[in-house]
Structures are given as structure tokens and as C-alpha cells.
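Residue-level structural notes
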Amino acid sequence: AASIRERQTVALKRMLNFNVPHIKNSTGEPVWKVLIYDRFGQDIISPLLSVKELRDMGITLHLLLHSDRDPIPDVPAVYFVMPTEENIDRMCQDLRNQLYESYYLNFISAISRSKLEDIANAALAASAVTQVAKVFDQYLNFITLEDDMFVLCNQNKELVSYRAINRPDITDTEMETVMDTIVDSLFCFFVTLGAVPIIRCSRGTAAEMVAVKLDKKLRENLRDARNSLFTGDTLGAGQFSFQRPLLVLVDRNIDLATPLHHTWTYQALVHDVLDFHLNRVNLEESSGVENSPAGARPKRKNKKSYDLTPVDKFWQKHKGSPFPEVAESVQQELESYRAQEDEVKRLKSIMGLEGEDEGAISMLSDNTAKLTSAVSSLPELLEKKRLIDLHTNVATAVLEHIKARKLDVYFEYEEKIMSKTTLDKSLLDIISDPDAGTPEDKMRLFLIYYISTQQAPSEADLEQYKKALTDAGCNLNPLQYIKQWKAFTKMASAPASYGSTTTKPMGLLSRVMNTGSQFVMEGVKNLVLKQQNLPVTRILDNLMEMKSNPETDDYRYFDPKMLRGNDSSVPRNKNPFQEAIVFVVGGGNYIEYQNLVDYIKGKQGKHILYGCSELFNATQFIKQLSQLGQK
């Protein structure tokens, strides 16, 4: 089955090839062309195609639409932009200035009739009609980050953020705009997937509004058989031709604890403590302070960025592993690399053999073969070295945060709170401990406690906690919001439960502890995760496996392919689904994604995709809560 990542990549390659399918082994030179994109287009392409891959497709230059571009009169230009007013104006200006030989206009999302007429008028006025070769709606308005994960947008994400949806003063028209933006992207997603889903959603939430609109949009598209995007060749090639996927729309509000949770797996930690964005992590390298003479200006910190992509085998294998395992694996990789490197060195020294005796000659011929193989494996060896260095740097940066902020303590304590286990030390102690974490870490911990407890703390206790938090330097605005939210949700439903299993600390790994290791893990607990389903995973499990459960029994059911939409929550389809997409309206995170990935590992032949309106880490989420809580 082709993953959404492959499908979007294929669609992009077809577009760069003037919208004819891209054939891998054609011998001819590619047609040289320029690619012009806006920020939206850039965000969609950059996680999927490297500069080298673009060059292989014949893209010599890739430029932002709104930058100063020189005319290149004998080259075709491929545009990949959103159909916004200012983008269209700029394209019309390009036509008037006769910048390129021909224009292939591709819109990320469908362009309206009136805007299309604007372009036509501009082309007429500039007598460039013959040069506008093709105009296409690409329906690619979403960003794929993994084979099984996508987000809606990155540019105007404050438009569809948790805060935007939950603002108390939002007007109906603003809410409509937010919902339309989300639905447009989801529609593009299903066009690219080539499948019409069966939709389930919780009632009375933003997710329900999205479901209603998406159902309507899919329905309208299917009804217009001549122009439907889901007929003909796409479906035959679709992986779902025999069975349709399930789309579960959940609202962020069903679980506010997980996005605040301190985490213990590699990818989620990188996202939590480092600057990790659209699969690229930016690190500040601390330059040594010791060697600068007294009174010298401190050196500028080097900024380095690394791409963590599916091509990176180590990342693919370990992004979901607990951190101590990652540290150990980096160490093992390093040792195996050194062994290989030594072997190459040894062969080199043998090749300088003197003496004519038989033994040396026979050894030589034997070694020539070895050396040839060693030399041919050099590029592979260098790539291995690059990945080892990359992960050594990234993991070291993460480790510094874990140690400085005692993140292992937070993680373990929060797991206990969320799974309702007895706590070994009081919450106040951690909040008041000046060495444990940043004010934000303390706030996250307290909010998780506040969200997860059945019995809210008494006013007197709450005052005591607030005082401790204020003394620790915390901003109490997020708590304001969570308090209102909790009072409101209390009427609606019981708090989400998080399963009862917990982490069990194992003895620290001997390898990581020994002095030869790159990573000094002293004092960091080696916590091992036990699979426990988070609320989002649990909801998916109920709906995908058709289990009856009070939590999901009243979820609405939509089937855009049925002629008359009916408002039932009774599913027509009684069989469990093989494919499902979980989409979180109001933002998602790598903790949930990882939890779903772990859940589906145990189910053979089933696939899950995780999507969200935006991807935020706890820092970004707390900021939104804080804005919502401001008086």
C-alpha cells in the first residue's frame, strides 16, 4: 500500500514534470525549468524533496514568488502557490513583465472561478495567452511529515490553532473560516489518498463542525460525476479500492494532559526540548569557553541544522524508542563504525608489502579483493559516520536538557499521576525544588495533576499550590484557563482516563554508564515504557474494531457516498476497519503519534495515519493556554 508520503511525493513529481507522470528510467536530460513557490508551497515540498531531487527533476532554480526575480526568457516556469489575492496579482505581474518562456500554474488548493478570470484577463492584456501552458488545481494543501503523519499548514497556523478555536469571543463567521480552512486541507488529503472515508466524530465539538462540512464537501464532489475527483483512474490505483478508510475526528479538548506531558521517546523529546520543525532540528553548538583569553568577546554560537528524514535509518528505527535506548544504540553504531574504519586502515598498511616471497604475493591478491570491497563501501561508511555524528549531537543536546531539568523525574511522576498510582513524594516538593526544571516544567506538571484528578484540590490547597508556583516564577494564566475549561467539561463528561500501567525503572544500562561512552547518563533514570493507550488511541481502537464503549457509542456517523445523509450514530458497516485516519482538531503532538504507532504494531495488516490541524510542543501549547487565560 502506498503511504500518504509516497502519494504526495508522486503528485509533486508529476507536477514538476509538467503534469505528466514521471518516468524513472528515461534516459534523456530533463527539461530545465524554474520552480516558483510561495511559503505554503515551500513547506509542502521541503519535507518531501531534497534540493538534489529537485535538480534531478530539472529544477535549476527555486524561488519564492514574492522575491525579486530576474527575467529568464527562454525557460519554462512551474508555479506552485496558494490561490490568494496577492499571489494572483504577482503572477499577473510576471505575465506582464514577460519573465519566462511559458507558465505552468499549479494551485495548492482549488482556485475560484473569479480569480481564474483575473489571470485570463491579465494574460490577454499582456498578450501572453499562448504562454500560459497549463493551469492545474493540485489539491495538495497539507504537509506530510512521515509515512503516516500529516499536518494541515504551517504558515498561518494561528488561524487554526487551539486558541483560535477555543477563544471565548470568537464570532460565528470567524469560526466558519477556521472550519473551512481545516476542511479544505482534509479534502485535499483525501483527494491525494484517492479514497472517500467513513467519518466518525464526537458530538458538540469543533470536530463535529469539521465532520459536517467535510461530509458535505465530499458529497458535492461525488455527486458531480463528470468532475468528481474520486472516480476513474484514481480509484483503481487507490489502495482502498475494496475497503474504505475510517476517519476519526477528535477534538483536542478530550485530552489536554498529553500535550503538556513530559515525554521519554526520542522524537517526542527532540520536539519538546529542541527547535524541531517540519522534520528539521536546529541546534546551537556551544563553543568552548575555556580557550578564549580573558576579556575576549564570547564566541558566537554556531547554529547547525539537521534534517531528520525517513532516509535516515537510525532515526526511522529509534525515533519511538525510550531515550536511554537511543543513547545506547548511538554508542553501538559508533563502535561498529570504528571497527570498520580500523579494518580499512589495516588493509592499507598491508598493501605496502615488500619482499617477493610467495606468501606475501598470495596475501596481496587476497587483500586486493578486500581492499576493493573496502573502498567501494567508503561512501556507505561516510554516510554512516554522518548519521552517527548527527545523532550524537542531537542526543547530547537532548541529554543536556534532561539532566538540567530532571525531565526523567517529571516524566515518571506525571505517568504516575495520569495512571492514578500512589505518588512517592508530594507535588509541592517538586514545585518548590529550585533544582527541578524550569517554571514551565512545574506548570506543566501541576496542570496535568489538575486536569487528571477526579477530585479538584480544595480552595485552600489550591492557594498553597498557586503560591508555590508563583514563588517558582510561573505564569498562572494557563491555570486560569484550565480551571474554566474543567468547570465547563465537568458538566459535559468525566475526565479522560489514561490506563493503569506505569513505567518501571530498570537498572541503568551498563554500557551507557561505562566511561568510554559518549553519553554521561549518571543520575538519569532508565525508564522503560509499557504500552498504555492514550485517550485518542483508545477512541480509535473502539471505532476501528467496532467495540461498544460508552465513550464512543454516541459518535456521529457520516458516509458521504450514501445518497441521503442521515444523522445516525449507528454505523452501517459492522466489520472492523483495516485503515484509519485519526485527525485531531485543535492540534496534535508526537506523543500521541507514537502511541498510535505502537498500538498498530500489534495489529497485523492494519494501517493508521495521524493528522492534526497543527503540531505543537508543550511550550507552544502552554503559550496558547496562557493567552486564553489572560484576564
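Computed from a prediction, not measured in an experiment: that's the story for all the values here.

Here we come to helix α17 (residues 439-452). Here α17 is 14 residues long and its end C-alpha atoms lie 20 Å apart, about the 20 Å a rise of 1.5 Å per residue gives. Summarising burial for α17: twelve of the 14 residues are buried, a large majority. The set of residues buried in α17 consists of Asp441, Lys442, Met443, Arg444, Leu445, Phe446, Leu447, Ile448, Tyr449, Tyr450, Ile451 and Ser452.

The next point concerns the environment of Phe314. Tracing the chain through its elements places Phe314 in helix α11 (residues 313-318). Taking relative accessible area as the criterion, Phe314 reaches 10% and is therefore assigned buried. For the pair Phe314 and Lys384, spaced 70 residues apart in the sequence, the C-alpha separation amounts to 9.4 Å. Setting aside anything within four residues of it in sequence, one finds Phe314 in contact with Tyr266, Val326, Ser329, Val330, Glu333 and His391.

Closest axis-to-axis distance for the helix α1 (residues 4-16)/helix α7 (residues 172-193) pair is 9 Å, and the angle between their directions is 90°. For the element pair α1 / α7, the angle class is roughly perpendicular. For the pair α1 and α7, contact is made by Ile4, Arg7 and Gln8 and by Phe189, Thr192 and Leu193, respectively.

Before going further, it helps to spend a moment on the side chain of Lys33. Along the chain, Lys33 turns up in strand β1 (residues 33-37). Given a relative accessible area of 1%, Lys33 falls into the buried group. Only 3.0 Å separates the side chain of Lys33 from the backbone oxygen of Val31, close enough to count as a polar contact. Excluding residues within four positions of it along the chain, Lys33 makes contact with Leu16, Phe18, Met57, Gly58, Ile59, Thr60, Leu61, Val75, Pro76 and Val78.

Turning our eyes to something else, we now look at the sheet that holds strand β10 (residues 275-277). The strands making up a sheet associate through hydrogen bonds between their backbones, and the pairing can be parallel or antiparallel. The sheet built from three strands is open, its strands ordered β10-β11-β12 with antiparallel pairing. Edge positions in the sheet fall to β10 and β12 (302-307), since each has one partner strand and no second. Adjacent strand axes in the sheet meet at a mean angle of 20°, parallel and antiparallel pairs treated alike. On the sheet, helix α14 (residues 378-405) packs against β11 (280-285) and β12 and is oriented at approximately 75° with respect to β11.

As a further point, take the packing of helix α10 (residues 266-273) against helix α22 (residues 590-601). The geometry of α10 relative to α22 is characterised by a closest axis approach of 9 Å and an angle of 175° between their N-to-C directions. One finds that α10 runs roughly antiparallel with respect to α22. For the pair formed by α10 and α22, the contact residues are Gln267, Ala268 and His271 on the first element and Tyr590, Ile591, Tyr593 and Gln594 on the second. The residue inventory of the contact of α10 with α22, partitioned by class, reads four nonpolar, three polar and no charged.

Turning our eyes to something else, we now look at the packing of aromatic side chains. In total, this model carries 24 aromatic pairs according to the counting rule given. Pairing Phe142 with Phe150 gives two aromatic rings, centres 6.0 Å apart and planes at 80°, and the pair type is edge-to-face. Phe142 gets classed as buried once you look at its relative accessible area, which sits at 0%. By relative accessible area, Phe150 is classed as buried at 0%. Judged by centre distance (4.7 Å) and plane angle (20°), the rings of Phe616 and Phe621 are stacked. Joined through ring pairs, the aromatic side chains of Tyr266, Phe276, Trp315, Phe323, Tyr590, Tyr593 and Tyr610 make up one cluster. Residue placement shows Lys217 over the ring face of Phe187; its charged tip is 5.1 Å from the ring centre. In this structure, Lys486 packs its charged tip against the face of Tyr450, placed 5.4 Å from the ring centre.

Under the defined criterion, the tally for this structure stands at 28 salt bridges. Between Arg69 and Asp94 there is a salt bridge, with the nearest N and O atoms lying 2.0 Å from each other. Note that Arg69 is positioned in the loop between β2 (59-64) and β3 (72-81) and Asp94 in helix α4 (residues 85-96), a separation of 25 residues in sequence. The exposure classification of Arg69 matches that of Asp94, with both residues buried. Salt-bridge contacts for Asp180 lead to Lys213; the nearest nitrogen and oxygen are separated by 2.9 Å. Remark: Lys213 occurs in helix α8 (residues 206-223) and Asp180 occurs in helix α7; sequence separation between them is 33 residues.

Here we take up unusual backbone geometry. Non-glycine residue Tyr139 carries a positive phi angle of around 50°. For Tyr139, the location among the structural elements is in the loop between β5 (132-137) and β6 (143-146). Positioned with a positive phi, Asn279 is a non-glycine residue whose angle comes to about 65°. Mapped onto the elements of the fold, Asn279 is located in the loop between β10 and β11. A relative accessible area of 3% places Asn279 in the buried class.

To continue, consider the confidence of the model for the protein chain. Chain-level pLDDT for the protein chain is 84 on average; 83% of the residues reach the 70-or-more range. The secondary structure element of the protein chain with the lowest average pLDDT is helix α20 (residues 510-513), at 39, and the one with the highest is β1, at 96. Here residues 232-241 is a poorly scored stretch, pLDDT under 50, and it has 14 contacts once near neighbours within four places are set aside; other chains count. Confidence drops under pLDDT 50 across residues 500-516; counting only partners more than four residues distant or on other chains, this segment forms 48 contacts.

Rules used throughout
- Residues numbered from 1 in each chain as written.
- Predicted model: local features only at pLDDT ≥ 70, side-chain atom pairs only at ≥ 80, totals over all residues.
- Heavy atoms only, no water.
- Helix = DSSP H or I, 4+ residues; strand = E, 2+ residues; numbered from the N terminus.
- Expected span 1.5 Å × (residues − 1).
- Buried < 20%, exposed > 50% of the residue type's maximum accessible area, 1.4 Å probe, protein only.
- Contact = heavy atoms within 4.5 Å.
- Axes fitted to C-alpha atoms, helices over the stretch in contact; angles between N-to-C directions.
- Parallel < 35°, antiparallel > 145°, perpendicular 65-115°, else oblique.
- Polar contact = N/O pair within 3.5 Å; in protein donor to acceptor, adjacent residues only side chain to side chain.
- Pairing = 2+ DSSP bridges.
- Nonpolar A, V, L, I, M, F, W, Y, C, P; charged D, E, K, R; others polar.
- Phe/Tyr/Trp six-rings, centres within 6.5 Å; stacked < 30°, edge-to-face > 60°.
- Lys NZ or Arg CZ within 6 Å of the ring centre and 35° of its normal.
- Salt bridge = Lys/Arg side-chain N within 4 Å of Asp/Glu carboxyl O.
- pLDDT = per-residue confidence, 0-100.

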